[in-house]
Amino acid sequence: METAIKAARPVWQNANGPQPRLPERPQESGSPVAGRAPTAIVYCEGNFARVDGKTANGLVRHSQAYRILSVLDSHHAGGDSGEILDGILNHIPVFGDLETAVTHEAVIPDTLIYGMAPSDGKLSSEDRNVVLDAITLGMNIVSGLHEYLSDDPEIAAAAKSRNVSLHDIRKPRNSKDMRLFDGSVANVKAIRIAVLGTDCAIGKRTTATLLARALNAQGIKTILVGTGQTGLMQGAKYGVAMDAIPPQFCCGELEGAIVAASEGEQPDVILIEGQGALSHPAFCTSAFILRGSQPDAVILQHAPMRAHRCDFPTMAMPDPADEIALIEAFADTKVIGVTLNHEKIAEVEITDAIGRLSRTLGLPVTDALSRPGKRLADLVLSAYPQLRSVSVASAV
């Protein structure tokens, strides 16, 4: 095992040629300094600002759990991650390799986050080397893969030798500790709204995050319950990685997270992050989300210019009207609005696209990323005008 670790060590530890001076780590064992969020580099080689880079994309837009220092993707090296992703500077740089990213910092960062969501959910040989290099430096590893790094003999041994942690976000609790659905979600007083979509990797989590921010800004206490690895990495206080839970426990585990959020926070609104799409044959998580959360309402995310399902080039995207009909037939709920994913739509055409979709569906439509947060909040306030009194009361 020692041989494997040495083989994976970073190139700057090689004796051939001049080596840059590595920053020092001010604390032992890769543990973050008490009282501050751990620092992190997000690994996203070849996928930043693309569909499979959705974890990295989400983390540079919003992260409460980690202070994101940089992104690794040689395809965008030298750029600003915010400008690449959204056309707005966020001063989180993109580097081509781990060596450059680490030597850019005054101290070695606490964490390397695996920032991709590949369709097979597994680690490539190139990815493995980067993870081992980071471990050699004493960095903790956070991963949302279906392949658990803590179960990998080589990676686990390397982490143990450096006394660093491996955090597999998708690794569930033992079945004996999971809960079954018991109907207690019906006692939750908060308005429950699920943010679903017509496909996977379409922006449901981003919309839910921005909607929570917009409602809270108006004094309407809103809690987001995460259901995927990215939301949990971002710091969702309540949630569960739905696609890693045995089916018989999915509804109960989600129900438990919602009940805990209700009891712990006493919110006015609970948002539930969607996964996949109810009509998508490759995913069953939307069905469990609708059953487990028993939402009062649904907001649907749709990408009008997406011709086929992500990773399924022979599977056409559904008509949003059909998806709405399916959702409302499957669950005792109503779709109160639609949010637009404007991929492949020019900025000057977004307003027209919103108008066309709204007229076609007979529902309010907005774009969470390109339009003001107030318009997003208005989707909820129009459906639940009683929340306006909560907003006014909080402002007094």
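In this text, all values refer to a predicted model and were calculated from it rather than measured experimentally.

**A short note on the sheet that holds strand β7 (residues 191–197)**
Pairing in this open sheet of seven strands is parallel, and the strands run β9-β8-β10-β7-β11-β14-β15 from one edge to the other. One side of each edge strand has no neighbouring strand; the edge strands of this open sheet are β9 (238–239) and β15 (365–366). Examined bridge by bridge, β7 and strand β10 (residues 269–273) share five bridges and lie parallel to one another. By the bridge assignment, I191 is partnered in β10 with V269. Running over the sheet, helix α11 (residues 320–330) touches β7, β11 (297–302) and β14 (335–340) and is turned about 155 degrees from β11. Lying on the sheet, helix α13 (residues 373–383) is in contact with β7, β11, β14 and β15; it crosses β14 at an angle near 170 degrees.

**Observations regarding the sheet that holds strand β6 (residues 166–168)**
Read across the open sheet, the six strands follow the order β3-β2-β1-β4-β5-β6; overall the sheet is parallel. Each having just a single partner strand, β3 (94–95) and β6 make up the two edges of the open sheet. Relative to strand β2 (residues 67–72), strand β1 (residues 39–43) runs parallel, the two sharing five bridges. Its bridge partner lying in β2, T39 is registered against R67. Packed onto the sheet, helix α2 (residues 54–61) meets β1, β2 and β4 (111–114) and runs at close to 140 degrees relative to β2.

**Some details on the pattern of salt bridges**
Any two side chains of opposite charge can pair, on the condition that their charged atoms come close. According to the stated counting rule, one finds 15 salt bridges in the structure shown. A salt bridge links R61 to D86, with the shortest nitrogen-to-oxygen separation between them at 2.6 Å. Taken together, the residues span a long stretch of sequence, with R61 in helix α2 and D86 in helix α3 (residues 81–86) at a distance of 25 residues. We classify D86 as partly exposed; its relative accessible area is 33%. Salt-bridge contacts for E253 lead to R173; the nearest nitrogen and oxygen are separated by 2.6 Å. Remark: R173 occurs in the loop between β6 and β7 and E253 occurs in helix α9 (residues 247–265); sequence separation between them is 80 residues.

**Structural notes on unusual backbone geometry**
Residues other than glycine predominantly adopt negative phi, and peptide bonds predominantly adopt the trans conformation. The backbone of H91 shows a phi angle near 65 degrees, a positive value even though the residue is not glycine. The residue H91 is located in the loop between α3 and β3 in this model. Note on H91: relative accessible area 67%, which makes it exposed. With phi around 50 degrees, A201 is a residue other than glycine that occupies positive phi space. Residue position: A201 is located in the loop between β7 and α7 (204–217).

**Let's talk about the nonpolar core**
Ranked by internal contacts, the top residues of the largest apolar core, which has 44 residues, are I68, L112, I113 and I135. With five residues, the single largest contributor to this core is helix α5 (residues 125–136).

**Quick word on the state of the cysteines**
For the structure on display, the rule yields zero disulfides. Note on C200: no disulfide assigned, nearest cysteine sulfur contributed by C310 at a separation of 4.2 Å. Note on C200: relative accessible area 11%, which makes it buried. Taking the relative accessible area as the measure of exposure, C310 reaches 9% and is therefore buried.

**Notes on the confidence of the model for the protein**
In this model, the protein carries an average pLDDT of 91, and 91% of its residues clear a pLDDT of 70 or more. Segment residues 26–30 is flagged for pLDDT under 50; beyond a separation of four residues in sequence, or across chains, it makes 11 contacts in the model.

**Side note on the layout of surface pockets**
Here the second largest pocket defines a volume of roughly 330 Å³. Around the second largest pocket, the lining comprises 16 residues; the ones closest to its centre are H62, Q64, A212, L224 and A236. Every element with two or more residues in the lining of the second largest pocket is listed here: α7, β8 (222–226) and α8 (229–234). Among the elements that take part in the lining of the second largest pocket, α7 stands out by supplying four residues, more than any other. Considered class by class, the residues forming the lining of the second largest pocket number five nonpolar, eight polar and three charged.

**Details of α5**
Relative to the 16 Å expected for 12 residues at 1.5 Å per residue, α5 spans 17 Å between its end C-alpha atoms, a close match to the ideal helical length. Of all 12 residues in α5, nine are buried; the element is thus mostly enclosed. What α5 keeps buried is the set D127, R128, V130, V131, L132, D133, A134, I135 and T136. With its phi angle positive at about 90 degrees, G138 sits one or two positions after the end of α5.

**Things to note about the packing of α9 against helix α10 (residues 285–293)**
Closest axis-to-axis distance for the α9/α10 pair is 8 Å, and the angle between their directions is 50 degrees. By the criterion of interaxial angle, the relationship of α9 to α10 is oblique. The handedness of the crossing between α9 and α10 is right-handed. Packed against α9, whose contacting residues are P247, C250, C251, L254, E255 and I258, the element α10 presents F288, I289, R291, G292 and S293 at the interface.

**Brief notes about the environment of D296**
Relative to the elements of secondary structure, D296 occurs in the loop between α10 and β11. With a relative accessible area of 31%, D296 lands in the partly exposed category. Excluding its chain neighbours within four sequence positions, the residues that come into contact with D296 are A190, I191, R192, T333, K334 and Y384. At 2.8 Å, the side chain of D296 forms a polar contact with the backbone nitrogen of R192.

Thresholds applied
Residues numbered from 1 in each chain as written. Predicted model: local features only at pLDDT ≥ 70, side-chain atom pairs only at ≥ 80, totals over all residues. Heavy atoms only, no water. Pairing = 2+ DSSP bridges. Helix = DSSP H or I, 4+ residues; strand = E, 2+ residues; numbered from the N terminus. Contact = heavy atoms within 4.5 Å. Axes fitted to C-alpha atoms, helices over the stretch in contact; angles between N-to-C directions. Salt bridge = Lys/Arg side-chain N within 4 Å of Asp/Glu carboxyl O. Buried < 20%, exposed > 50% of the residue type's maximum accessible area, 1.4 Å probe, protein only. Core = buried A, V, L, I, M, F, W, Y, C linked by side-chain atoms within 4.5 Å. Disulfide = S-S within 2.5 Å. pLDDT = per-residue confidence, 0-100. 1 Å grid on protein atoms, 1.4 Å probe; cavity = no way out; pocket = protein on both sides within 12 Å on 5 of 7 lines; lining within 4 Å. Points joined across faces, edges and corners; volume = space filled by probe spheres on them. Nonpolar A, V, L, I, M, F, W, Y, C, P; charged D, E, K, R; others polar. Expected span 1.5 Å × (residues − 1). Parallel < 35°, antiparallel > 145°, perpendicular 65-115°, else oblique. Left-handed = near helix turned anticlockwise from the far one by under 90°. Polar contact = N/O pair within 3.5 Å; in protein donor to acceptor, adjacent residues only side chain to side chain.

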